[in-house]
Amino acid sequence: MKNLIGHNSPLNPQETIQKNIIRKKPILDREPQFFNGVPIPSWIELSLIDACNRSCNFCPKFDEKIAPNTYNKMEFDLIDKLVLDLIDINYEGAFCLCGYGEPMLHKDYLKIVNKLAAVGPVEIITNGDAVNKSSLLKIYQSNASRLLISLYDGPEQLEKFKKMIEETGVPKEFVILRDRWYSDKIDFGVKLTNRTGTIEIGNQPEVNIKQECYYTAYQVLIDWNGDVFLCPQDWQRRNAMGNIMQKKFFDIWNGKILSRYRNKLLNGDRSLSPCNSCNADGTVYGTNHYLAWKKLI
């Protein structure tokens with residue numbers, strides 16, 4: 001495994017974070033869709049494979065006792081079932097391939113991209129280790145909407161990937177290069193959170209169990225086996241909201257378990273586990289979905 005090495009550079013990591021927020025807001029903060037009078041999500045994150053080739057010390061994968069590489073991977077039956085469920089509710093949101101592992105380690109990740117793209121835009125977030133001229137062209141020629149590459153080794157990676165993009169003729173706007181090589185003194189250049197109490201490194205904010213959280217208003221995360229979790233912060237993965245292979249997506253989204261969490265979180269109550277261990281802001285995105293749900297609960 002490659003370990004994260006902290007680098008300092010004249011680039012501003014806060015600028016990168018802000019650009020990412022601005023990019024996602026039109027998707028996540030748009031007016032919500034409704035099905036049967038219920039606001040439905042605008043963002044679904046999928047964890048295609050439970051493995052990563054890196055071991056970054058701000059990620060739970062750094063500790064094998066917390067998040068070991070199992071190499072379990074998502075199957076096509078699950079993707080096909082999810083697509084049909086989302087078509088049933090006229091889902092018009094987007095997808096993100098990231099989750100608890102490196103999506104490009106799944107040998108069929110592009111086939112999955114193309115299946116999901118029949119429903120909505122699909123972003124791929126990668127550490128870039130498997131990105132070369134050939135794979136970059138294949139991703140661009142697929143139905144992926146965008147490729148985000150997190151650069152963990154140093155500023156020299158910027159030149160490497162800029163050259164690769166130019167030589168392949170892939171449009172610059174298709175690829176977003178994110179500087180993530182900074183030291184722990186500036187939180188590694190990421191919006192650092194404790195991943196529901198699984199990480200302590202860096203300048204972590206205090207846990208506030210009376211802080212509102214909008215995650216459950218606008219998104220979910222689906223693990224490799226179909227388990228639906230509250231959000232990408234939940235690396236404990238102990239409390240599934242349901243499983244895609246056992247229930248329809250909408251029945252999980254509007255089900256008793258997720259509704260209980262949603263009602264509490266939107267009212268500033270993080271007393272349930274794992275939320276009582278989480279220090280994520282939770283209000284960066286999803287304001288319009290939050291307001292729509294507040295009229296119902």
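From a predicted model like this one, the values you see are computed outputs, not experimental measurements. (Residues numbered from 1 in each chain as written. Predicted model: local features only at pLDDT ≥ 70, side-chain atom pairs only at ≥ 80, totals over all residues. Heavy atoms only, no water.)

A few words on the overall build of the protein chain. Scanning the protein chain from terminus to terminus reveals 9 helices and 12 strands. Here the C-alpha atoms of the protein chain give a radius of gyration of 18 Å, agreeing with the 19 Å that 2.2 N^0.38 yields for 297 residues. Dimensions of the protein chain along its principal axes, counting C-alpha atoms only, are 50 × 40 × 35 Å. Residues counted as buried form 55% of the 297 residues belonging to the protein chain. Total accessible area computed for the protein chain in this model is approximately 13500 Å², and 50% of it derives from carbon and sulfur atoms. (Helix = DSSP H or I, 4+ residues; strand = E, 2+ residues; numbered from the N terminus. Rg over C-alpha atoms; globule rule 2.2 N^0.38 Å. Buried < 20%, exposed > 50% of the residue type's maximum accessible area, 1.4 Å probe, protein only. Areas by Shrake-Rupley, 256 points an atom, 1.4 Å probe, with all protein chains shown as cover.)

Take the side chain of Gln219 next. If you trace the backbone, Gln219 turns up in strand β10 (residues 219-222). Exposure remark for Gln219: the relative accessible area of 2% places this residue in the buried category. For Gln219, the side chain forms a polar contact with the main-chain oxygen of Tyr215, separated by 3.1 Å. Among the polar contacts made by the side chain of Gln219, one reaches the main-chain carbonyl oxygen of Leu230 at a distance of 2.8 Å. Once residues within four sequence positions are removed from consideration, Gln219 is found in contact with Pro41, Trp43, Leu230, Cys231, Pro232 and Trp253. (Polar contact = N/O pair within 3.5 Å; in protein donor to acceptor, adjacent residues only side chain to side chain. Contact = heavy atoms within 4.5 Å.)

In the contact formed by helix α4 (residues 133-141) and helix α5 (residues 156-168), the axes pass within 10 Å of each other and the chain directions differ by 60°. Of the two possible hands of crossing, α4 and α5 adopt the one that is right-handed. Note on element contacts: α5 touches α4 through Met164, Ile165, Glu167 and Thr168, opposite Lys133, Leu136 and Leu137. When its residues are assigned to classes, the contact of α4 with α5 shows 4 nonpolar, 1 polar and 2 charged. (Axes fitted to C-alpha atoms, helices over the stretch in contact; angles between N-to-C directions. Left-handed = near helix turned anticlockwise from the far one by under 90°. Nonpolar A, V, L, I, M, F, W, Y, C, P; charged D, E, K, R; others polar.)

Summarising the element assignment, Val113 is placed in helix α3 (residues 109-116). Beyond its immediate sequence surroundings of up to four residues, Val113 is in contact with Leu97, Val122, Ile124, Ser142, Asn143 and Ala144.

Quick look at empty space enclosed by the protein now. Here the structure, examined in full by the defined rule, presents 1 cavity of 30 Å³ or more. Looking at the largest cavity, its volume works out to about 120 Å³. Looking at the lining of the largest cavity, its residues break down into 9 nonpolar, 4 polar and 2 charged. (1 Å grid on protein atoms, 1.4 Å probe; cavity = no way out; pocket = protein on both sides within 12 Å on 5 of 7 lines; lining within 4 Å. Points joined across faces, edges and corners; volume = space filled by probe spheres on them.)

Bringing the packing of aromatic side chains into the picture now. Going through the model one piece at a time under the given rule, you end up with 8 aromatic pairs. Seen in terms of ring centroids, Phe35 and Phe250 are 4.9 Å apart; in terms of plane orientation they differ by 75°. Their pairing is edge-to-face. Here the residue Phe35 occupies a position in strand β2 (residues 33-35), and Phe250 occupies one in helix α7 (residues 249-253), the gap between them amounting to 215 residues. Judged by relative accessible area, Phe35 falls into the partly exposed class, the value being 21%. A residue is classified by how much of its surface remains accessible, and Phe250, at 12% relative accessible area, is buried. (Phe/Tyr/Trp six-rings, centres within 6.5 Å; stacked < 30°, edge-to-face > 60°.)

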